[in-house]
Structure formats: C-alpha cells, structure tokens
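# Structure assessment
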Amino acid sequence: MATTTALLLFSGGQDSTVCLSWALERFDRVETLGFDYGQRHRIELEARKDVLSRLTSIKPEWAGRLADDHEIQLTELGRISETALTRDAEIVMTSSGLPSTFVPGRNIIFLTYAAAVAYRRGITSLIGGMCETDYSGYPDCRKMTLDSLAQTLSLGMDQTFTIETPLMFTSKAATWKLAHELGSEALVELIIEYTHTCYLGDRSKRHAWGYGCGVCPACELRAKGYEEWRADVN
Ligand code: ZN
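Overview of the structure.

About the cut-offs
- Residues numbered from 1 in each chain as written.
- Predicted model: local features only at pLDDT ≥ 70, side-chain atom pairs only at ≥ 80, totals over all residues.
- Heavy atoms only, no water.
- Helix = DSSP H or I, 4+ residues; strand = E, 2+ residues; numbered from the N terminus.
- Rg over C-alpha atoms; globule rule 2.2 N^0.38 Å.
- Buried < 20%, exposed > 50% of the residue type's maximum accessible area, 1.4 Å probe, protein only.
- Contact = heavy atoms within 4.5 Å.
- Lys, Arg positive; Asp, Glu negative; His and termini not counted.
- Charge placed at Lys NZ, Arg CZ, Asp CG, Glu CD.
- Expected span 1.5 Å × (residues − 1).
- Donors = N, O, S within 2.8 Å, 3.2 Å for Na, K, Ca; no water.
- Tetrahedral: all angles 85-135°; square planar, octahedral: opposite > 155°, others 65-115°.
- Pairing = 2+ DSSP bridges.
- Axes fitted to C-alpha atoms, helices over the stretch in contact; angles between N-to-C directions.
- Core = buried A, V, L, I, M, F, W, Y, C linked by side-chain atoms within 4.5 Å.

Right, let's talk about the overall build of the protein for a bit. The number of helices and strands found in the protein is 8 helices and 7 strands. For the protein, whose C-alpha radius of gyration is 17 Å, the value lies close to the compact-globule estimate of 17 Å for 234 residues. By its C-alpha atoms, the protein is 45 × 40 × 30 Å across when sized along the principal axes. Out of the 234 residues in the protein, the part that is buried amounts to 51%. Long-range contacts, defined as pairs at least 24 residues apart, comprise 67% of the intrachain contacts of the protein with a sequence gap of at least 6. If the 24 positive side-chain charges of the protein are averaged to one point and the 31 negative ones to another, these points end up 1 Å apart.

The following block contains the structure:
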C-alpha cells in the first residue's frame, strides 16, 4: 500500500494541534508548515516548536508519523495588512462587520504557499484548522471559500489537491472533546500548557484552559469552549 502523506498548517494553537493529532491517526506521514507573518502573538512560533517536540510522547505510534516541519517568512503580509493582529492596535469590530484582527486573505495565502510546498514534495492532501463554528466571522475560514480554493489550486498547478478541515463544523467545546478522544487527558494537558491562542501574545496568566490575557476574542472563545466541555463531562 502506498504511503499516505499530508501537509498540515500548524500554528501552534489549540485548533491546529487538535488537527495535527487527528491527522497523525489517519496518515502514515504528516509534515507541518508554519508562517512568520509578523503576528503580534509571535510567541506562537515558539509554541509550535514546543508542541511538536512534545506531541509524540502522547502516543508512541505518532513518533514515526510526524515528519518534516517547514517555516516560511511572510513578514510582508503583516506589513501590508495593517490589522490588530500584526500591529499594536485595539481589537474592535470594524464597519465591515469583521473584527480588526482580520488579516485579509490570510488563509488563501497560507494555503497557496502550502500547495507550492506540497507540489514539490509530491503531497496532495492539505489540512487546516479552519472553522466556521464559534469563529470570528473571517470569510476565508468558510468551507465554501476553501472548496473554491482547492479547485483553483488544482487547476492552477494541474494536480488535484484536497483541503481537509476536520474542525469546520466543530464547536470549541467539541474541539476539547475531540482532543480528549484523540489523546486523552495527556493531550488536553499538553494543549493547556503549550499551545498558544491569545491574540495579544500574553502568557503571563495561567487559567484552567491555558495561558492568555483572558479577554481578547481568541481567549474568550477558548475559555468558553473549555468551560462548556468540562461542564458537559462532569
Ligand atoms: Zn487573549
């Protein structure tokens, strides 16, 4: 049987860590890809290395499947996008109906780079943690955008790419539940201690659900999901 390989967008956050665990259960090899785009929460670039080095301790079989990690410099994206994620500005709702953390086209750019890396490495399965449930309304997280992008990338590179998004219709509470199913309490603990979600890059406060400012939209979603999941299992 042929070896199955996937390339996964891995930011070092909760969602992409759960996606990576999900992929390690399904593929023979999983390569990971991260981007330095001048994000304010640059600490997430350190978090991704911490998570990668610890994840294989959760299940011995994952160690043989977790393959190369790639990091791409896209700092120009941060410079041109002028958002609250890439400069020191307040996180507010803008007149477009989107929060000021929206980096225009970010996922389209990330997945296009991912496809270019995948093409050279003979990989056709791309995986991302995008989600349109309990999300910030980013239009490039929607399934319709990503289905259309998969079609464009396949046409543009004359090779069939699939974009899998295992969390697309998963609530934040269900994401914690899935983490527990995939790697029991050890994976939940790893997510709490080492993944990074807070938009402000704050790791000075440790909550039950992990580190973060506790008030930015990313922290609020993570905390709410955690509390709902814990309430549900107890
Ligand atoms: Zn925060």
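Before going further, it helps to spend a moment on helix H1 (residues 14–26). Under the 1.5 Å per step criterion, the end-to-end length of H1 is 19 Å for 13 residues, consistent within 8% with the ideal 18 Å. Most of H1 sits out of view: 11 of its 13 residues are buried. By the burial criterion, the buried members of H1 are Gln14, Asp15, Ser16, Thr17, Val18, Cys19, Leu20, Ser21, Trp22, Ala23 and Leu24.

Our focus in this paragraph is the coordination of the zinc ion. At this site the zinc ion is bound by Cys198 (SG), Cys213 (SG), Cys216 (SG) and Cys219 (SG), with donor distances of 2.3 to 2.4 Å. Because the angles between the 4 donor atoms bound to the zinc ion fall within 106 to 117°, the donor set is best described as tetrahedral. Sequence spacing of the donor residues for the zinc ion, all on one chain, is C-x14-C-x2-C-x2-C. In this pair, Cys198 sits in the loop between helix H7 (172–194) and strand E6 (206–207) while Cys219 sits in helix H8 (residues 217–233), placing the two residues 21 residues apart along the sequence. Residue classification places Cys198 among the buried positions, given a relative accessible area of 0%. Classification of Cys219 by relative accessible area gives buried; the value is 1%.

Before going further, it helps to spend a moment on the sheet that holds strand E4 (residues 125–127). With parallel pairing, 5 strands are arranged side by side in an open sheet as E3-E2-E1-E4-E5. Each end of this open sheet is capped by a strand with a single partner; those strands are strand E3 (66–73) and strand E5 (162–164). Recorded for the sheet is a direction-independent mean angle of 25° between the axes of neighbouring strands. As paired elements, strand E1 (residues 5–9) and E4 share 3 bridges and run parallel to each other. When the sheet's bridge partners are listed, Leu7 is paired in E4 with Leu126.

Attention shifts here to the nonpolar core. Counting residues in each nonpolar core, the largest one holds 66 residues, and the members touching the most others are Leu20 and Leu126. Ranked by residues supplied to this core, first place goes to H7 with 10 residues. Discounting chain neighbours no more than four positions away, the residues touching Leu126 are Leu7, Leu111, Ala114, Ala115, Ala118, Leu153, Phe161, Thr162, Ile163 and Glu164.

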